[in-house]
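A look at the structure
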Amino acid sequence: MSQKPQQAAVSRCPSCEEPLEPGDRYCGACGYDLSVVPARPEDSPTIALNGVAPAPPPDGADWPAARDSDGRGHPAPVHAAAELPGTDSGGSPLPPPPAAAPGEPAASGEPAPGVRFDRPGEPEEYPLQAPDPRPAAEQDATAAVEKVCVACRAGRVDDDGYCENCGHAQPRERDHMEQESGPVAAVSDRGLRHHRNEDAFSVACTALPDGVPASVAIVCDGVSSATRPDDASLAASRAAGQSLLGALPRGTHPQQAMHDAILAASHAVNALADEPATVREQAPHQNAPACTLVGAVVTAGLLVVGWVGDSRVYWVPSDRATPPARLTEDDSWAAQMVAAGLMNEAEAYADERAHAITGWLGADAYELEPHTASFKPDRPGVVVVCTDGLWNYAESAHEMAEAVPLDAAERPLHGARVLVGHALDGGGHDNVTVALLPFPAPPQGAGSA
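Just so we're clear, the structure is a prediction, and the values are computed from it rather than from any experiment. (Residues numbered from 1 in each chain as written. Predicted model: local features only at pLDDT ≥ 70, side-chain atom pairs only at ≥ 80, totals over all residues. Heavy atoms only, no water.)

Thoughts on helix 2 (residues 229–247)
Along an α-helix, a turn takes 3.6 residues, which lines up residues three or four apart on a common side. For helix 2, built from 19 residues, the straight-helix expectation of 27 Å at 1.5 Å per residue is met to within 8% by its first-to-last C-alpha distance of 27 Å. When we look at burial in helix 2, the residues that qualify are Pro 229, Asp 230, Ala 232, Ser 233, Ala 235, Ala 236, Ser 237, Ala 239, Ala 240, Gly 241, Leu 244 and Ala 247. Among the structural elements, strand 3 (199–207), strand 4 (213–222), helix 3 (254–271), strand 5 (290–298) and strand 9 (361–362) are those in contact with the buried residues of helix 2. (Helix = DSSP H or I, 4+ residues; strand = E, 2+ residues; numbered from the N terminus. Expected span 1.5 Å × (residues − 1). Buried < 20%, exposed > 50% of the residue type's maximum accessible area, 1.4 Å probe, protein only. Contact = heavy atoms within 4.5 Å.)

Right, here's the structure in full:
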């Protein structure tokens, strides 16, 4: 039978110093539990800065580390003595300097302000001071917004992304993303089959030099057969979005601005190929990072689209009695077969090679050919910018129009959520990302109801 380890005998109570009898389990004077107290070590107590030993913290207290600690419980000096005249290193006022004895020459030179030369020897270590109550108050304020487990809805999520209650791994930040910027909104989801989300998007609002509002949306789809496709899509969407937001207010024509934005995105993705040698050694046969890109700029009377790859833009009028339209042509094997007259569209997209892309952003792209087009719709509607994770389940313009909610122009974020749900209900075989832009662009400040 196993036994618990025996404690060494204690001659005096560690709490009140009351003499103890052999075999005592509790102090007769203060009731201190002696079964968990080891023998007192033979060392001298640590001296506090002010000469008073600090009170022990309450049992279980979780004090934050001292702000100026070196990480091992050794506080760094509060300041150099000369930097705070009139106080010592603990912040206490200095006593007046002792007068020189009669007949003793004055010290040569003036000592630095606040420096004492008669300070007694200091110990090597000091105990931590009491914690600042402000960090604790800040922690209490943020406790209310701590992440709660998506599985059990009760446990707190730790820093590693797991529930402390049931151990369920939590979704990563990019597994599901939503953003609304004025009248334009986007939603991206990992889908039901992929282990990560390799899509990315950028949405924003700005104004042309004459004050006309403009909405911008960029959607990128990482090429899964390449290395780091998620990094490629993120870099491309950010670079293109920033390029458009810089060019449009300066008066660059939206179609030219879209062309330049695609080039900026291409440069950003190409830069990812300059990896450290260690990364290339770990995966020497992988392709350079790559992604597709599709975008739209909507103003009061103009709709501009741009793309490289097989992500698409659809036009869905508010009056569903009028026909919708697809505004982009895929850079894909299927599109090439249809354009060459070798297959009809149904046959081409039924082929297993249909989604092999012929154009993309990346250092190993054959030749970058940004596609842009301008339209002037004569009626209000909504522009759908999406990856193939959505249009696989609503390929034709009519199918897309049927999936778009009737109030999508007034509630774009809700409409984007509905479209992502449509793809997930259809099987969610791929990452799915969609952005919705009402046309014409409403005044700045308008958004989802």
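Here the narrative resumes.
A short note on the sheet that holds strand 11 (residues 381–386)
Spatially, the six strands line up as an open sheet ordered 1-2-12-11-7-8, and their pairing is antiparallel. The open sheet has two edge strands with one neighbour each: strand 1 (176–181) and strand 8 (325–326). Sheet topology places strand 1 next to strand 2 (residues 184–189); six bridges connect them, and they run antiparallel. Directly across from Met 177, in strand 2, lies its bridge partner Ser 188. (Pairing = 2+ DSSP bridges.)

A closer look at the confidence of the model for the protein
For the protein, the average pLDDT comes to 77, and 67% of its residues sit at 70 or higher. For the stretch residues 1–8, pLDDT sits under 50, and the model shows five contacts to residues farther than four places along the chain or on other chains. The low-confidence segment residues 139–144, where pLDDT is below 50, has one contact with residues more than four positions distant or belonging to other chains. (pLDDT = per-residue confidence, 0-100.)

Quick word on the pattern of salt bridges
Within the structure shown, the criterion is met by 11 salt bridges. A salt bridge links Asp 231 to Arg 228; the nearest nitrogen and oxygen atoms lie 3.0 Å apart. The class of Arg 228 is partly exposed, set by a relative accessible area of 27%. The closest approach of N and O atoms between Arg 411 and Asp 407, which form a salt bridge, is 3.1 Å. Residue Arg 411 is classed as partly exposed on the basis of its relative accessible area, which comes to 31%. According to the relative accessible area criterion, Asp 407 is partly exposed, its value standing at 25%. (Salt bridge = Lys/Arg side-chain N within 4 Å of Asp/Glu carboxyl O.)

Some thoughts on the packing of aromatic side chains
Under the criterion given, the structure shown has three aromatic pairs. Ring geometry for Trp 315 and Phe 439: centres 5.8 Å apart, planes at 85°, overall edge-to-face. Placement of the pair is Trp 315 in strand 7 (residues 312–317) and Phe 439 in strand 12 (residues 432–439), with a sequence separation of 124 residues. In terms of burial, Trp 315 and Phe 439 fall into one category: buried. Judged by centre distance (6.1 Å) and plane angle (90°), the ring pair of Tyr 349 and Trp 391 falls under edge-to-face. Placement of Tyr 349 in helix 6 (residues 345–350) and of Trp 391 in helix 7 (residues 388–391) is noted, with a sequence separation of 42 residues between them. Of the two residues, Tyr 349 and Trp 391, both sit in the buried class. One cation-aromatic arrangement involves Arg 312 over Trp 391; the distance from NZ or CZ to the ring centre is 3.4 Å. (Phe/Tyr/Trp six-rings, centres within 6.5 Å; stacked < 30°, edge-to-face > 60°. Lys NZ or Arg CZ within 6 Å of the ring centre and 35° of its normal.)

Some thoughts on the nonpolar core
Within the largest apolar cluster, 31 residues are counted, with the highest numbers of intra-cluster contacts made by Val 384, Leu 390, Met 400, Leu 419 and Val 434. Per-element accounting of this core gives the leading share, five residues, to helix 9 (residues 412–425). Listed in part, the 26 residues of the second largest apolar core include Ala 247, Leu 248, Ala 265 and Cys 291. (Core = buried A, V, L, I, M, F, W, Y, C linked by side-chain atoms within 4.5 Å.)

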